[in-house]
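Structural description and commentary
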Amino acid sequence: MRPRQITVLGECVADAFAEPASASNELALRVLPGGGPANTAVSLARLGTPARFLARLSGDVFGRLFRAHLETSGVDLSSAVQAAEPSTLAVAELDAQGQAAFSFHAQNTADWQWTAEELARVDLSATACVHTGSLALVQQPGAAVVEDFLAAAAPHATISIDPNVRPLLVHPDVYRARLTHWCGLADVLRLSEDDLELLLPGTPPEEACDIWHAAGARLVVITRGGDGALASLAGERVEVPAVETTVADTVGAGDSFTAGLLHHLGVRGLLGGRLTETRLDDIADACRFAVRVAALTCSVAGPNPPWQSQLEQLATAEHA
């Protein structure tokens with residue numbers, strides 16, 4: 001079954017990674033297109049889901065890089081806005097385990113300037129799911145416009161949200177203040193264990209799931225890196241182990257997981273409503289697929305999610 005379209009809304013960020021320079025007083029940066037929502041859109045398209053990306057893309061050198069990357073991956077940019085503002089830049093430092101810490105250069109950049117008029121033109125008639133999250137939901141002035149867009153989309157599409165907390169740029173209190181409202185909009189809430197600790201410090205994952213269910217989210221998935229994922233569907237739980245892999249870095253792994261989860265649900269015709277017909281076994285299968293997508297993303301440098309053909313090759317090799 002060919003999945004229906006998923007519309008992703010949010011930022012595309014230039015991820016800059018330090019590399020050895022030719023002189024001691026120089027810093028060489030390798031720039032890759034990233035940003036949580038953009039990574040998710042790319043991963044969806046590479047998996048075979050028709051993915052449309054609602055973005056405000058600058059005409060600067062980074063914006064041109066973003067556009068080429070997204071289009072090469074098969075992402076539909078027909079509703080993207082040509083923005084006059086500059087692109088957002090994130091400089092990543094990797095630790096010994098490949099975990100990235102980011103510093104952001106995001107003041108008055110293109111990604112956060114959404115207007116109601118820009119999003120009012122978007123046709124969602126072919127869209128089964130709208131996914132957003134990260135900074136697009138908290139950076140003003142566009143954040144309030146994005147929330148209104150989700151509310152308008154909810155009667156027609158499954159709503160998926162990934163908070164993707166960035167404490168160096170936006171204080172976690174800003175996310176906490178809006179999270180209950182987001183759960184009221186969301187059918188799917190996907191977040192990492194790091195997000196959980198920032199949003200509800202010291203709260204056990206199962207208790208956090210129940211809090212977010214009570215606020216309205218039917219499906220909550222907490223990803224745990226090498227420990228896999230915990231999924232909770234209206235209070236029914238399942239744990240899915242991670243797939244062993246050699247980690248180059250973890251950049252984009254959570255975004256790829258989300259894409260794998262939504263793609264798998266979409267292929268089975270489970271997106272488009274409130275997930276009321278979805279069973280826990282469906283979620284477990286989708287999470288098992290998603291951890292494979294995330295593992296392949298971790299095995300290469302930067303936010304470079306796998307293509308469907310790579311997953312098929314991996315499955316063939318495992319069954320050989």
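Details of the structure are given in the entry above.
Scope of this entry: the structure provided in the associated data block.

Criteria and thresholds
Residues numbered from 1 in each chain as written. Predicted model: local features only at pLDDT ≥ 70, side-chain atom pairs only at ≥ 80, totals over all residues. Heavy atoms only, no water. Helix = DSSP H or I, 4+ residues; strand = E, 2+ residues; numbered from the N terminus. Rg over C-alpha atoms; globule rule 2.2 N^0.38 Å. Buried < 20%, exposed > 50% of the residue type's maximum accessible area, 1.4 Å probe, protein only. Contact = heavy atoms within 4.5 Å. Areas by Shrake-Rupley, 256 points an atom, 1.4 Å probe, with all protein chains shown as cover. Salt bridge = Lys/Arg side-chain N within 4 Å of Asp/Glu carboxyl O. Pairing = 2+ DSSP bridges. Axes fitted to C-alpha atoms, helices over the stretch in contact; angles between N-to-C directions. Phe/Tyr/Trp six-rings, centres within 6.5 Å; stacked < 30°, edge-to-face > 60°. Parallel < 35°, antiparallel > 145°, perpendicular 65-115°, else oblique. Left-handed = near helix turned anticlockwise from the far one by under 90°. Nonpolar A, V, L, I, M, F, W, Y, C, P; charged D, E, K, R; others polar.

Scanning the protein for helices and strands turns up ten helices and 14 strands. Taking 20 Å as the expected radius of gyration for a compact globule of 320 residues, we find that the protein reaches 18 Å, a close match to that expectation. The principal-axis extent of the C-alpha atoms belonging to the protein is close to 55 × 50 × 40 Å. Taken across its 320 residues, the protein has 55% of its residues classed as buried. Across the protein, the fraction of contacts at a sequence separation of at least 24, relative to all contacts at a separation of at least 6, is 71%. By element, 51% of the accessible surface of the protein is carried by carbon and sulfur atoms, the whole surface being about 13300 Å².

Positionally, asparagine 39 belongs in helix 1 (residues 36-47). A relative accessible area of 6% means that asparagine 39 is categorised as buried. When sequence neighbours within four positions are dropped, the list of residues in contact with asparagine 39 reads Pro33, Gly34, Gly252, Asp255, Pro303 and Pro305.

With that settled, consider the pattern of salt bridges. The final tally for this structure, using the stated rule, is eleven salt bridges. The partner of glutamate 85 in a salt bridge is arginine 56, with the nearest N and O atoms 3.0 Å apart. Here arginine 56 lies in strand 5 (residues 56-58) and glutamate 85 lies in the loop between strand 6 (81-83) and strand 7 (88-94), a separation of 29 residues in the sequence. By relative accessible area, which is 22% here, glutamate 85 ends up partly exposed.

Here we take up the pairing of strand 12 (residues 219-223). Most of strand 12 is tucked away, with five of its five residues classed as buried. Of the two faces of strand 12, the one lined by Leu219, Val221 and Thr223 and the one lined by Val220 and Ile222 are each fully buried. Examined bridge by bridge, strand 11 (residues 188-192) and strand 12 share five bridges and lie parallel to one another. Bridging across to strand 12, valine 188 finds its partner in leucine 219. Sheet topology note: the strand 12/strand 13 (residues 229-233) ladder contains five bridges and is antiparallel.

Turning our attention to the environment of alanine 110. Tracing the chain through its elements places alanine 110 in the loop between strand 8 (100-105) and helix 3 (116-120). The spatial distance from the C-alpha of alanine 110 to the C-alpha of leucine 57 is 6.6 Å, given a sequence separation of 53 residues. Dropping the residues within four chain positions of it, alanine 110 is found in contact with Arg56, Ser58, Ala83, Glu85 and Pro86.

Turning our eyes to something else, we now look at the sheet that holds strand 8. Across the sheet, which stays open at both edges, the four strands sit in the order 3-2-7-8 with mixed pairing between neighbours. The open sheet has two free edges, formed respectively by strand 3 (28-34) and strand 8, since each of these has just one partner strand. Within the sheet, the average angular offset between the axes of one strand and its neighbour, ignoring direction, is 30 degrees. Here helix 2 (residues 61-72) sits on the sheet in contact with strand 2 (13-19), strand 3 and strand 7, set at roughly 50 degrees to strand 3.

Scanning all chains against the criterion turns up one aromatic pair. Summarising the aromatic geometry, the rings of tyrosine 175 and tryptophan 182 are spaced 6.3 Å apart at their centres and angled 85 degrees between planes, so their arrangement reads as edge-to-face. Residues tyrosine 175 and tryptophan 182 agree in their burial class; the two are buried.

Attention shifts here to the packing of helix 1 against helix 8 (residues 253-267). Their axes nearest at 8 Å, the elements helix 1 and helix 8 cross at an angle of 45 degrees. With respect to helix 8, the axis of helix 1 lies oblique. The crossing of helix 1 and helix 8 is right-handed. Contact residues: helix 1 offers Gly36, Asn39, Thr40, Ser43, Leu44 and Leu47, while helix 8 offers Asp255, Ser256, Thr258, Ala259, Gly260, Leu262 and His263. In the contact of helix 1 with helix 8, the residues fall into four nonpolar, eight polar and one charged.

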